[in-house]
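Spelled out, the chains give:
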Amino acid sequence: MKPLGPIPPGFSAIDGVLAIDGRKVTDLVAEAGGTPLFVYSRAMLTAKAQALRAAMPARLTIHYAIKANPYAPLLQHMLGLVDGFDIASGGELAIVQAAGIDPARVSFAGPGKRDAELEAAIAAGVTLNLESEGEATRALAIAERLGVTPRLAIRVNPEFDLKGSGMKMGGGAKPFGIDEDRVPALGRRLMAAGADWRGFHIFAGSQALSADAIIETQRQTLALAARLADEIGAALPRCNLGGGFGIPYFPGDEPVDIAAVGAALAERFDDLPEALQDTAFCIELGRYLVGESGVYLASVVDRKLSHGEVYLVTDGGLHHQLAASGNFGTVVRRNYPSAIATRFAARVEEEASIVGCLCTPLDRLADKGGFPRADAGDLVAIFCAGAYGATASPAAFLGQGPAGEMLI
Ligand SMILES: Cc1ncc(COP(=O)(O)O)c(C=O)c1O
């Protein structure tokens, strides 16, 4: 049997059925009209954000990167929990605008911003994290044409990366940000052009679980920000320290020790260099805030045997949960936390693989895990489905269509 990832805290069993916030998933599925279904929990979102805020220094504001989960009801809930929002496209700009989010709380990072996206963001008053000198030139020209003072920050491509992170966004040649040595000249140019100078965005990586690695990256980020601000010759108004806080997806993973990260950051804030004395600092997190609050539910359509192996064939699959299938940025496939939701309290009885309904061997949600015996009609649950699920999976593949979504 292959191990399964750790089920996040906060779930229980009622009458042997998986329950979220005291509600049985069978009732939730009935309410939603069937599976496949993502269920997100308000209570878990709130608890996670509050615990994070309690651990971080008060001076640090928290931004939510909506790429992790832009589901409108969830975004509405996040509005009351975080200070700002990070978007990565004109489409995400439209989503935050539809949610009524104040553009002054929004920043836009991401390579390849088209002119229409720059224009919409500048007109709305969103802060642009510029990814290249060319993008800066286009942004300044658009702002001049519109007669608007653009809010401009520079996304720095740092020489360091976030050690142990699942996805590295710094350290060497990257399509993201502007290499350190070219930042001072561009910063001076933006200020000379009359832009509203919003400082730096320094995002070194994503999905790191080691507090030590995050602490070290934040130390390097602050030192880099101070050095670049000195070279520009002006105090730094804002600095986005990136994020990268991961969640435990796989067997053996441990949660980030946020108390240690917060304490180390508080110490640094107490001893800031001159250029950063009045800087406003934020972090930008996606999966950490929302990932564990979501569960993906699918129904077993067929139970079959092949060469002695049990397959639980479901009505879901990688078209909704690409990451759980191991095809979204993982090198070695390992099992996400998963369970038979309708037999949540039952003991392990057999080895089985939970697969999807797509005719590709990639469509495997749990590989040779230990489960109670399940049959057609049972529900399976894949946990840690709150981030990079519904919108980071190829829902149109094979004409299957999207899953339902529900916030409780
Ligand atoms: C610029 C930027 N901000 C935020 C995120 C969110 O990362 P995570 O969901 O791991 O917190 C990413 C992830 O790729 C990113 O590239």
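Residues numbered from 1 in each chain as written. Predicted model: local features only at pLDDT ≥ 70, side-chain atom pairs only at ≥ 80, totals over all residues. Heavy atoms only, no water.

1. A look at the overall build of the protein chain
Thinking step 1. A tally of helices and strands in the protein chain yields 10 helices and 22 strands.
Thinking step 2. Expected size for 408 residues packed as a compact globule is a radius of gyration near 22 Å; at 22 Å, the protein chain falls within 12% of this value.
Thinking step 3. Projected onto the principal axes, the alpha-carbon positions of the protein chain cover approximately 70 × 45 × 35 Å.
Thinking step 4. Within the protein chain, the fraction of its 408 residues that count as buried is 56%.
Thinking step 5. Sequence-distant contacts in the protein chain: of pairs separated by 6 or more residues, those separated by 24 or more amount to 73%.
Thinking step 6. When the accessible surface of the protein chain is split by element, carbon and sulfur atoms take 53% of a total near 15900 Å².
Thinking step 7. Here the protein chain contributes 36 positively and 46 negatively charged side chains, and the mean placements of these two sets differ by 2 Å. (Helix = DSSP H or I, 4+ residues; strand = E, 2+ residues; numbered from the N terminus. Rg over C-alpha atoms; globule rule 2.2 N^0.38 Å. Buried < 20%, exposed > 50% of the residue type's maximum accessible area, 1.4 Å probe, protein only. Contact = heavy atoms within 4.5 Å. Areas by Shrake-Rupley, 256 points an atom, 1.4 Å probe, with all protein chains shown as cover. Lys, Arg positive; Asp, Glu negative; His and termini not counted. Charge placed at Lys NZ, Arg CZ, Asp CG, Glu CD.)

2. Describing the sheet that holds strand β3 (residues 23-24)
Thinking step 1. Overall, antiparallel pairing links the three strands, which are arranged β1-β2-β3 in an open sheet. Pairing within the sheet leaves two strands with one partner each, and these edge strands are β1 (11-14) and β3. (Pairing = 2+ DSSP bridges.)

3. With respect to the site of the ligand
Thinking step 1. The immediate surroundings of the ligand are formed by 14 residues, with S206, E284, G286, R287 and Y388 found nearest.
Thinking step 2. At 2.5 Å from a nitrogen atom of the ligand is found a side-chain nitrogen or oxygen belonging to E284.
Thinking step 3. The contact in question runs from an oxygen atom of the ligand to an N or O atom on the side chain of Y388, over 2.5 Å.
Thinking step 4. Computed on the free molecule, the ligand has an accessible area of 400 Å², of which 93% lies beneath the protein chains in the complex. (Near = heavy atom within 4 Å. Polar contact = N/O pair within 3.5 Å; in protein donor to acceptor, adjacent residues only side chain to side chain.)

4. Overview of the environment of P251
Thinking step 1. Relative to the elements of secondary structure, P251 occurs in the loop between β14 (238-240) and α9 (258-269).
Thinking step 2. For the pair P251 and T279, spaced 28 residues apart in the sequence, the C-alpha separation amounts to 40 Å.
Thinking step 3. Not counting chain neighbours up to four residues away, the residues in contact with P251 comprise P3, L4, G5, P6 and N335.

5. Focus on the state of the cysteines
Thinking step 1. The full count for this structure, using the stated rule, is zero disulfides.
Thinking step 2. No disulfide involves C239; its sulfur sits 7.8 Å from that of C282, the nearest cysteine. (Disulfide = S-S within 2.5 Å.)

6. What to know about the domain arrangement of the protein chain
Thinking step 1. Under the domain assignment, the protein chain is made up of domain 1 (11-40 + 292-407) and domain 2 (70-285).
Thinking step 2. Placing the centre of domain 1 and that of domain 2 at their C-alpha centroids yields a distance of 34 Å.
Thinking step 3. With 14 residues of domain 1 in contact, the opposing surface of domain 2 contributes 12 residues.
Thinking step 4. For the pair domain 1 and domain 2, the summed buried area comes to about 1200 Å², and 69% of that belongs to carbon and sulfur atoms.
Thinking step 5. Among the residues domain 1 hides against domain 2, the three largest losses belong to E292, R334 and L407. Together they make up 36% of the total.
Thinking step 6. Scanning the region where domain 1 abuts domain 2 turns up zero salt bridges.
Thinking step 7. On inspection of domain 1 and its partner domain 2, the count reaches one residue pair in polar contact (both at pLDDT 80 or more).
Thinking step 8. For the side of domain 1 that touches domain 2, the leading source of residues is strand β22 (residues 404-407), giving three residues.
Thinking step 9. Considering only residue class, the side of domain 1 that touches domain 2 consists of seven nonpolar, four polar and three charged. (Domains from an automatic or database assignment. Buried area = accessible area lost by both parts, 1.4 Å probe. Salt bridge = Lys/Arg side-chain N within 4 Å of Asp/Glu carboxyl O. Nonpolar A, V, L, I, M, F, W, Y, C, P; charged D, E, K, R; others polar.)

7. As for the packing of aromatic side chains
Thinking step 1. What the rule picks out here adds up to 13 aromatic pairs.
Thinking step 2. Summarising the aromatic geometry, the rings of Y64 and F85 are spaced 6.4 Å apart at their centres and angled 80° between planes, so their arrangement reads as edge-to-face. Here Y64 is found in strand β5 (residues 60-65), whereas its partner F85 is found in strand β6 (residues 84-87), with 21 residues between them in sequence.
Thinking step 3. Given the relative accessible area of 0%, F85 is considered buried.
Thinking step 4. The rings of F38, Y40, Y71 and Y296 are connected pair by pair, giving a single aromatic cluster.
Thinking step 5. A cation sits over an aromatic face here: K48 above Y288, 4.0 Å from the ring centre.
Thinking step 6. R59 extends its terminal NZ or CZ atom over the ring of F269, reaching a point 5.7 Å from the ring centre. (Phe/Tyr/Trp six-rings, centres within 6.5 Å; stacked < 30°, edge-to-face > 60°. Lys NZ or Arg CZ within 6 Å of the ring centre and 35° of its normal.)

8. What to know about the nonpolar core
Thinking step 1. Within the largest apolar cluster, 108 residues are counted, with the highest numbers of intra-cluster contacts made by Y64, M78, L190, F200, F245 and L289.
Thinking step 2. When residues of this core are assigned to their parent elements, the largest contribution, 11 residues, is made by helix α8 (residues 211-232).
Thinking step 3. The two domains that each donate at least three residues to this core are domain 1 (11-40 + 292-407) and domain 2 (70-285).
Thinking step 4. Discounting residues that sit within four places of it in the chain, L190 has contacts with L130, A136, L140, L152, I154, A195 and W197.
Thinking step 5. I20, V39, A339 and F383 belong to the second-largest nonpolar core, a separate cluster that totals 19 residues. (Core = buried A, V, L, I, M, F, W, Y, C linked by side-chain atoms within 4.5 Å.)

9. Notes on the environment of A280
Thinking step 1. Residue position: A280 is located in strand β15 (residues 280-285).
Thinking step 2. A280 sits 221 residues away from R59 along the chain, and the two C-alpha atoms are 7.4 Å apart.
Thinking step 3. Filtering out sequence-adjacent residues up to four positions away, A280 remains in contact with P237, R238 and C239.

10. Let's talk about helix α3 (residues 72-79)
Within an α-helix, residues lying three or four positions from one another point in the same direction, as the helix has 3.6 residues per turn.
Thinking step 1. Those residues of α3 that fall on the buried side of the exposure criterion are L74, L75, H77 and M78. All buried residues of α3 lie within an arc of 160° about the axis, which places them on one face of the element. (Arc of directions from axis to C-beta.)

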